[in-house]
Amino acid sequence: MSASKKEKKVPALVDKPMDFCPGCGHGIISRLIMECLDELNQNDNIIFPIGVGCSSNLGAGLECDRLHCSHGRAGAVATGMKRVNPDVLIVSYQGDGDAYNIGIAETFNAAYRNENITVVVVNNTNFGMTGGQM
C-alpha cells in the first residue's frame, strides 16, 4: 500500500484480525461504527452491550467499554445502562437471532418506550452460534 493510500487507524479498533467469517458483514459494520465514533470524538463516551452469537466476537476487537449480555437481553441491559449513565452513548450490537428471535420482547419494548439508545442488528442470515441454520 502506498503512503498516499495508507489505511486510517481507528483508535478504538484493536490492531489484530477479527474472528468473523470471511464475507460476513459484521467486520465492515463494526469498522463503520467505530469510524463514526472517531469522527464525532466519542470513542471515550460509549458502552456497547453486546449480544450472544456472532456479534459477541466484536468485543475482542474493541478498546472501549462493553458488556457481553445474556442471550437476547442486550436491549434490556442497554436500557439500564442508559438510565444510570444518561450522558453516555449506549449502542447495543446484536445479531438477528439474538435481537429478533430470542430478544424480540426486549428489542421492541425498548423501542415502545422510546429509550435513548441505538440498536444495531446485523442480519448475517444464519444462527452461527447454534450450527449455522438459516
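It should be emphasised that the depicted structure is a prediction, and the values quoted were computed from it without experimental measurement.

Caption draft 1: Structural view of the sheet that holds strand S2 (residues 65–68). Read from one edge of the open sheet, four strands run S2-S1-S3-S4, paired in parallel fashion. Where the open sheet ends on each side, the last strands, each with one partner, are S2 and strand S4 (118–122). Sheet twist, expressed as the mean angle between neighbouring strand axes with direction ignored, is 20°. Each of strand S1 (46–50), strand S3 (89–95) and S4 is contacted by helix H1 (residues 26–39), which is oriented at about 175° to S3, the strand it contacts most. Of the strands in this sheet, S1, S2 and S3 are in contact with helix H2 (residues 74–84), which crosses S3 at around 175°.

Caption draft 2: Highlighting unusual backbone geometry. Here the phi dihedral of Asn-41 falls at roughly 55°; this positive angle occurs in a residue that is not glycine. Locating Asn-41 in the fold gives a position in the loop between H1 and S1. We classify Asn-41 as exposed; its relative accessible area is 66%. Phi at Asn-114 takes a positive value of approximately 55°, unusual for a residue other than glycine. Note that Asn-114 resides in the loop between helix H4 (104–112) and S4.

Caption draft 3: The arrangement of H1 in detail. The end-to-end C-alpha distance of H1 is 20 Å, a good match for the 20 Å that 14 residues give at a rise of 1.5 Å each. Among all positions of H1, only His-26, Ser-30, Ile-33, Met-34, Leu-37 and Asp-38 are buried. All buried residues of H1 fall inside an arc of 135° around its axis, so they share one side. In H1, those exposed residues whose orientation departs by more than 90 degrees from the buried face are Ile-28 and Glu-39. Where the residues of H1 are buried, they touch S1, S3 and S4. Looking at the residues trailing H1, positive phi occurs at Asn-41, about 55°.

Caption draft 4: Highlighting the side chain of Ser-92. With respect to the helices, strands and loops of the structure, Ser-92 is situated in strand S3. Engagement of the side chain of Ser-92 in a polar contact is seen with the side chain of Gln-94, the distance being 2.9 Å. Ignoring any residue separated from it by four or fewer positions in sequence, one finds Ser-92 in contact with Pro-49, Ala-74, Gly-75, Ala-78, Thr-118, Val-119 and Val-120.

So, how was this worked out
- In this convention, every chain numbers its residues from 1, walking through the sequence in written order.
- Given that the model is predicted, a residue must reach a pLDDT of at least 70 before its local features are reported, and side-chain atom pairs must reach 80 or more before they are shown or counted; all residues, however, enter totals for whole chains, interfaces and linings.
- Just so you know, side-chain values use all the structure's heavy atoms and leave hydrogens and water out.
- Pairs of strands are assigned from DSSP output, requiring at least two bridges between the strands.
- Elements are defined by DSSP. Helices are runs of H or I of four residues or more, strands are runs of E of two residues or more, and each kind is numbered from the N terminus.
- Axis definition: a line fitted to C-alpha atoms, limited for helices to the stretch in contact. Angles are taken between N-to-C directions and run from 0 to 180 degrees.
- Any two residues whose heavy atoms approach within 4.5 Å at even a single point are treated as in contact.
- We call a residue buried when its accessible area falls under 20% of the maximum for its residue type, exposed when it is over 50%, and partly exposed in between, using a 1.4 Å probe and counting protein chains only.
- Multiplying 1.5 Å by the residue count of a helix minus one yields the expected span of that helix.
- Along the arc lie the directions from the helix axis toward the C-beta atoms.
- We call two N or O atoms a polar contact when they sit within 3.5 Å, provided that within protein one can donate a hydrogen and the other can accept it, with sequence-adjacent residues counted only if both atoms are side-chain atoms.

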